[in-house]
Amino acid sequence: MPLELKADRDVVLRPLRLKHAATLFALTRENERWLRRWLPWLDAVTKLEHTRAFITRMRELERTGVALTFTIWHREELVGVAGFNWIDRANRSATMGYWLAEGAAGQGVMTKAVKALTEHAFRTLDLHRVEIRAAVRNRASRAIPERLGFRHEGTLRQAEWLYGKAVNHAIYGRLATDRGASGHR
Ligand SMILES: CC(C)(COP(=O)(O)OP(=O)(O)OC[C@H]1O[C@@H](n2cnc3c(N)ncnc32)[C@H](O)[C@@H]1OP(=O)(O)O)[C@@H](O)C(=O)NCCC(=O)NCCS
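Residues numbered from 1 in each chain as written. Predicted model: local features only at pLDDT ≥ 70, side-chain atom pairs only at ≥ 80, totals over all residues. Heavy atoms only, no water.

Draft legend 1. Region of the structure containing the pairing of strand S6 (residues 129–135). Among the seven residues that make up S6, six are buried, leaving the element largely enclosed by the rest of the structure. As paired elements, strand S5 (residues 93–100) and S6 share four bridges and run parallel to each other. In the strand pairing of S6, Thr95 is matched with Glu131. When S6 meets strand S8 (residues 165–175), the two strands line up antiparallel, connected through seven bridges. Bridging from a neighbouring strand, Val130 pairs with Arg174 of S8. (Buried < 20%, exposed > 50% of the residue type's maximum accessible area, 1.4 Å probe, protein only. Helix = DSSP H or I, 4+ residues; strand = E, 2+ residues; numbered from the N terminus. Pairing = 2+ DSSP bridges.)

This is how it looks when you write it as structure tokens:
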């Protein structure tokens, strides 16, 4: 298990651990309004123990190789989370999810983190396909796989409930054999 993934000198990904619980919980609460625009789980994270339970669950999934979650650090400050929330070994594929604190947005941090994770999937985890799903109207999120040369493969109708409202998902896929830009800019 890698200690950390270095995206560049300012952006580092470190495996999610219980020692991060208090900082991550505070960050989640501070960004509750920003995150709930596109993430369905904010009402389930209202106490520190909810974040601790999430981390414990992800650690268990990491031990069985079906998920892998990282904290994102920008200049040594915890600014978000990214990882493979489902690794399908039989089909050598994984689905990626991510979020960033509002204050860290607009600087390319997540694009660099997703690039490093995608390379880790192909080079270290020996996966063949990485998939990213985002609400059709979540332009900022969709811009990341688009910048990194993922292919837009289609739309899933009403694939997610966001606080009582169904949203369509745009699907992006990238294969280890795809040529072209995982190294943008
Ligand atoms: C999705 C999310 C991570 C995108 O954040 P973001 O800041 O737009 O993405 P990045 O960190 O890659 O930054 C890209 C921006 O930085 C700019 N930028 C500056 N330097 C850059 C660099 N070296 N590389 C890439 N972009 C750079 C880009 O131009 C872009 O700015 P723009 O949006 O004005 O075009 C963020 O909006 C978020 O967490 N939202 C809430 C939760 C969410 O939606 N999660 C995803 C669910 S599918």
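Don't stop here, the text continues.
Draft legend 2. Molecular detail of the side chain of Ser141. Relative to the helices and strands, Ser141 resides in helix H5 (residues 139–147). Non-local contacts of Ser141, meaning those with residues more than four positions away in its chain, are made with Tyr98 and Ala134. (Contact = heavy atoms within 4.5 Å.)

Draft legend 3. Quick peek at the site of the ligand. Taken together, 25 residues lie near the ligand, and Leu100, Gly106, Met110, Thr111 and Asn138 sit nearest. Here a nitrogen atom of the ligand sits 2.9 Å away from a polar atom, N or O, in the main chain of Tyr98. Within the side chain of Thr111, one N or O atom sits 2.4 Å away from an oxygen atom of the ligand. If the ligand stood free it would expose 930 Å²; the protein chains cover 75% of that surface. When contributions to the shell around the ligand are tallied by element, the ones reaching two or more residues are helix H2 (32–35), S5, helix H4 (109–123), S6 and H5. (Near = heavy atom within 4 Å. Polar contact = N/O pair within 3.5 Å; in protein donor to acceptor, adjacent residues only side chain to side chain. Areas by Shrake-Rupley, 256 points an atom, 1.4 Å probe, with all protein chains shown as cover.)

Draft legend 4. Quick peek at the sheet that holds strand S7 (residues 151–162). Read across the sheet, eight strands follow the order S1-S2-S3-S4-S5-S6-S8-S7 without closing on themselves; strand pairing throughout is mixed. Two strands in the sheet have a free side with no partner beyond their single neighbour: strand S1 (5–6) and S7. Contacting strand S4 (77–88) and S5, helix H1 (residues 21–30) runs over the sheet at an angle of about 95 degrees to S4. Strand contacts of H4: S1, strand S2 (11–15), strand S3 (68–74), S4, S5, S6 and S8, with the helix running at about 160 degrees to S5, the strand carrying the most contacts. (Axes fitted to C-alpha atoms, helices over the stretch in contact; angles between N-to-C directions.)

Draft legend 5. Broad picture of helix H3 (residues 48–63). With 16 residues, H3 should cover 22 Å at 1.5 Å per step; its first-to-last C-alpha distance of 23 Å lies within 8% of that length. Those residues of H3 that are buried are in contact with H1 and S3. (Expected span 1.5 Å × (residues − 1).)

Draft legend 6. Quick look at the pattern of salt bridges. Within the structure shown, the criterion is met by 15 salt bridges. One salt bridge connects Asp10 with Arg75, and the closest N-O pair in it is separated by 3.6 Å. Residue Asp10 is found in the loop between S1 and S2, and its partner Arg75 is found in the loop between S3 and S4; the two are separated by 65 residues along the sequence. Relative accessible area serves as the criterion here: at 18%, Asp10 is assigned to the buried category. On the basis of relative accessible area, Arg75 is assigned to the exposed category, the value being 56%. A salt bridge links Arg139 to Glu146; the nearest nitrogen and oxygen atoms lie 3.0 Å apart. (Salt bridge = Lys/Arg side-chain N within 4 Å of Asp/Glu carboxyl O.)

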